[in-house]
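Report on the structure
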Amino acid sequence: MKETKFYVDYCFEAGENESLSGRYQFGIKLSDGEYEELYNVWCSGNCELNSWVTEWDGHDALYCKINDAAVMALRQHLEQVDDITKDPLDTYWELSAETQKAF
């Protein structure tokens, strides 16, 4: 199992080549196979991995695992910090710099 970290936020106003601020973060444990799959998706996306431009065809289970964790983590962060309860919650996430360095 490998710990993989991501940035998550509910408000994305940056352009296509921008990144999230990193103010909210979450981590999930991936099996060695899932971690390898994540690495392959990252490599095929020119070393970029996120929920808005990365191509996830054929990797639906991995995408759903990350996205479900992102939504849950963001809701928890917002309830604790901003007291925002918005439905539906537009959740954007991307691979953290820390995990990119590990690749």
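Residues numbered from 1 in each chain as written. Predicted model: local features only at pLDDT ≥ 70, side-chain atom pairs only at ≥ 80, totals over all residues. Heavy atoms only, no water.

**Focus: the sheet that holds strand S1 (residues 2-9)**
Ordered in space as S2-S1-S3, the three strands form an open sheet in which the pairing is antiparallel. Each having just a single partner strand, strand S2 (24-30) and strand S3 (92-95) make up the two edges of the open sheet. Each strand of the sheet is rotated relative to its neighbour by a mean of 35°, with strand direction disregarded. Across four bridges, the pairing between S1 and S3 is antiparallel. Pairing of Phe 6 across the sheet is with Leu 95, part of S3. Running at roughly 145° to S2, helix H2 (residues 60-81) makes contact with S1, S2 and S3 of the sheet. (Pairing = 2+ DSSP bridges. Helix = DSSP H or I, 4+ residues; strand = E, 2+ residues; numbered from the N terminus. Axes fitted to C-alpha atoms, helices over the stretch in contact; angles between N-to-C directions. Contact = heavy atoms within 4.5 Å.)

**A word on the pattern of salt bridges**
Evaluation of the coordinates by the stated rule reveals three salt bridges. One salt bridge connects Glu 98 with Lys 5, and the closest N-O pair in it is separated by 3.8 Å. Note that Glu 98 is positioned in helix H3 (residues 97-102) and Lys 5 in strand S1, a separation of 93 residues in sequence. In this structure, the salt-bridge partner of Asp 9 is Arg 23, at a minimum N-O distance of 2.9 Å. Of this pair, Asp 9 sits in strand S1 while Arg 23 is found in the loop between S1 and S2, placing the two residues 14 residues apart along the sequence. According to the relative accessible area criterion, Asp 9 is buried, its value standing at 5%. The partly exposed category is assigned to Arg 23, whose relative accessible area is 46%. (Salt bridge = Lys/Arg side-chain N within 4 Å of Asp/Glu carboxyl O. Buried < 20%, exposed > 50% of the residue type's maximum accessible area, 1.4 Å probe, protein only.)

Without other data, these values stay purely geometric and don't point to any function.
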